[in-house]
Amino acid sequence: MSEAKFADYREASFIEAGGVRTAYRRQGSGEPVLFLHGAGLTRRWFPFYEALSKHGDLIAPEHPGFGESDLPDSLTDFTDMAVHYADLLKALDLEAVHLVGHSYGGWIAAEFAALYPEKIKSLTLIAPMGLRPPPEVKMADMFRFAPQDGLRALLGADGDKWLPYFDEGDAGAQAIQDYQEVSAFGRLTWNPRYSLKLETRLRRITAPTQIILPEHDGVVPVEIGQRYAELIPNAKLVTLKGASTPTEHLLSLQEPQRLADQIAAVI
Amino acid sequence: MTHFSTEIQQPGPESDRRLEFGLFMGGQNGFYPHVGENRTNYVDLPNGEFSEPSLSAIKVEKYLRNLIEGERLGFDMIISMEQRCPAPYNSAMIMASWLLAKTNKIQVGAIGPVMNTYLNPLRLAEEIALLDIMSGGRLSVGLPLGIGPAYHHMGVKPNEARGRFKEGVELIKRAFSEPGPFDHRGDYFNLPVCNLYPRPHRTPEFWLPASGSLESIELAAEHHLTYLAIMNPMKALISNTQRFRQTAEEKYGYTPGRNQVGCMALVHVAETDAQARKEAEAHILWYNQNLMRSVMHDFLPPGYSGMETVKRIFGGGNYRAKPPEQMSFDETVEQGWAFVGSPDTVARGIEEMTDKLGAGKLLIMGDNGSMPDWMIQKSLTMFASEVMPRFRPARGRPVWADRPKAGFETVSEASALAVKPPRTPIAVFEGLGKIDIRTAHIDELRTPVKEG
């Protein structure tokens, strides 16, 4: 194993999914659990993954254009993204999985579950994006956070203490990597920043579903998660409380163990 | 492909060392908040506080009046720009229309409309064609990709910006050269009936202003656009223009002449070097610190630039390069952003810059956006009388002075053109048959015609 580049860095494995070279990390045994990450924190194996891998065979791929996964020119919308993950399951020889998605990954998971309901054994959406919040709910412009404001929005008033965790060493290389990832993110989410189609398609989901929300979210309004819980049949809505400080959008960093245990409730 | 016999603008002879001067105004007025760390004035400065209507009217009036004065001063071209928040100048085409109406013979360059804010490129082609017809062929058009903040405002995906733009440039070029209707089947636009009305007098000279992205240089070279090298220190301008020439030669098999390369600099002229500096220094610092400053996520929205360009910007230690907003007055002048001094000093600077770049066109920024009117007019008058003639043949006439306008200016000229309508205009009268409507109001001429 090569020397760590930054906190929790771990080398990836690679697989071809529908012709797209896809990076992933995998650990654990038992029921297959596919975790779809949010718009950042790639190339890591962090405590939340460690905790979740105790509950099953955890597969954590990097989305096309994120981390070390390739981004084909032809991938331009969420249907393409859902097809990519169907290709990945096929490449991994998996019929169906417990699907978990956080934030942007939550949106992708919801699209996948609505298009391929037969391929999921359970669905967990954590602070998910993807639906249109009501007009009175303020929505942050995710593409315009100044660095220090971004951390506070993601992790609350004491977000700055996490700054070293996000430091990847070479500032120039990190700026290039960040730009590549936010470009891949923006390709699907710049306009519109929600899907109206999902509102009518979510009814197709039949697997046990839970929506896990933080106590406060300065990035993705909790009303979006609440709306998911209304639209997905029999979905359970859970607010995960923090042990010492209130949970925020990046609850996977704040409360890795409790979040993993909550996910395990449907595995 | 059949081409129209439309005249293609060929401004200025190549053979001599003549320079063409365009007049560009900053036009802002310096009433914005001083920009601090991680902030910009370009995207979300609240209009409730910073777009007071009377102040906007004063800004726009001053901006347009100083440009109109450019005709009397003898510039070869006056330029309308397009800027959004915090500026009021959000349509280069609307302002070009005003400038064309308020001037007589000078060329007007709209540099330019941000094509990606239009529903489709053909809509922009229509506006260009109409202004050409209205003005006797006096319009030139710059096609900027649009700075990052425009994409924050307009909803167009920055990821698609360059693809849409490239397809748009190709479609506009085609609409001006190929008879319609034709069918356009693109990646971004599918227009089954492209049929440009009106057909223009002249195919305008198209400019491509670009700060140096590889994509833009390639596009300008491929489509024979006038490359306008902007927003960089001299060193980068030189390498960008070299790359442009090299791309044109190696990939497209032609050598761009001097009149296919333009550049731009702030110019301030006064009686002596010391006097010029005294007048311009505060305004240059204001510009550097407030309008050159922005934050990365606003100027490079996601996907706006390709990864190869982004690696050039941030790779190899460039990440820590000194940002332009920290430039001192001396650095601004040394790096060729501005020429400030006596007529001799400014003329020397211009000669050096245009020689190094092989540029035949120079856009003079006559005001960086904060100078008082008297200072702008004093400098521009000195520039026109003491600098410009040095770069022109004897008599110092601008290029448009000896070029006839297209179309007509008087009723008698219009009649002398004797344009024959392609068809006799007819209406069918019951019992009479097809009648020529031009003479239908005279009984004895209300007789049936054969054609129609």
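Small disclaimer: the values here were computed from a predicted structure and weren't measured. (Residues numbered from 1 in each chain as written. Chains lettered and ligands numbered in written order. Predicted model: local features only at pLDDT ≥ 70, side-chain atom pairs only at ≥ 80, totals over all residues. Heavy atoms only, no water.)

## Description of the domain arrangement of chain B
Per the domain assignment, the segments of chain B are domain 1 (7–411) and domain 2 (420–452). For domain 1 of chain B versus domain 2 of chain B, the separation of C-alpha centres amounts to 51 Å. (Domains from an automatic or database assignment.)

## Some details on the environment of Gln289 of chain B
Residue and element names in this part refer to chain B. By the secondary structure assignment, Gln289 is in helix α9 (residues 273–290). According to the relative accessible area criterion, Gln289 is partly exposed, its value standing at 30%. Note: C-alpha distance between Gln289 and Ser328 (39 residues apart in sequence) is 9.7 Å. (Helix = DSSP H or I, 4+ residues; strand = E, 2+ residues; numbered from the N terminus. Buried < 20%, exposed > 50% of the residue type's maximum accessible area, 1.4 Å probe, protein only.)

## What about the environment of Ser216 of chain B?
All names here are of chain B. Note on placement: Ser216 falls in helix α7 (residues 214–222). In the structure, Ser216 is positioned 185 residues away from Phe31 in sequence and 33 Å away in space, judged by C-alpha atoms. Those residues in contact with Ser216 that lie beyond four places of it in its chain are Arg162, Leu208 and Ala210. (Contact = heavy atoms within 4.5 Å.)

## Looking at the interface of chain A and chain B
Contacts between chain A and chain B engage 19 residues on the former and 27 residues on the latter. Across the interface of chain A and chain B, roughly 1900 Å² is buried in total on both sides, 62% from carbon and sulfur atoms. The largest contributions to the chain A side of the interface with chain B come from Arg144, Tyr179 and Trp190 of chain A, which together make up 43% of the buried area. Arg144 of chain A is the salt-bridge partner of Asp298 of chain B, the closest N and O atoms lying 2.7 Å from each other. (Buried area = accessible area lost by both parts, 1.4 Å probe. Salt bridge = Lys/Arg side-chain N within 4 Å of Asp/Glu carboxyl O.)

## Here's the deal with the nonpolar core
With 181 residues, the main nonpolar core has Tyr228 of chain A together with Phe21, Phe75, Ile350 and Phe383 of chain B as its most contacted residues. Here Phe21 of chain B is in contact with Phe75, Asp76, Met77, Ile350, Leu362, Ile364, Phe383, Met388, Phe391 and Arg392 of chain B, once residues within four sequence places are set aside. (Core = buried A, V, L, I, M, F, W, Y, C linked by side-chain atoms within 4.5 Å.)

## Concerning the pattern of salt bridges
All names here are of chain B. Summed over all chains, the structure comprises 39 salt bridges over all chains. Among the ionic pairs, Lys166 bridges to Glu170, the shortest N-O distance being 3.0 Å. One end of the pair is Lys166 and the other is Glu170, both in helix α6 (residues 158–177) and four residues apart, which spans about a single turn. Note that Lys251 and Glu218 form a salt bridge whose closest N and O atoms lie 2.8 Å from each other.

## Concerning the sheet that holds strand β5 (residues 97–102) of chain A
Residue and element names in this part refer to chain A. Spatially, β1-β2-β4-β3-β5-β6-β7-β8 is the arrangement adopted by the eight strands of the open sheet, whose pairing is mixed. In this open sheet, the two edge strands, each paired with only one partner strand, are β1 (13–17) and β8 (236–239). Put simply, the sheet's adjacent strands are angled 25° from each other on average, direction ignored. In this structure, strand β7 (residues 209–213) lies alongside β8, joined through four bridges in parallel fashion. The residue bridging Ile211 from the neighbouring strand is Leu237, located in β8. Each of β5, β6 (120–126), β7 and β8 is contacted by helix α10 (residues 256–264), which is oriented at about 160° to β7, the strand it contacts most. (Pairing = 2+ DSSP bridges. Axes fitted to C-alpha atoms, helices over the stretch in contact; angles between N-to-C directions.)

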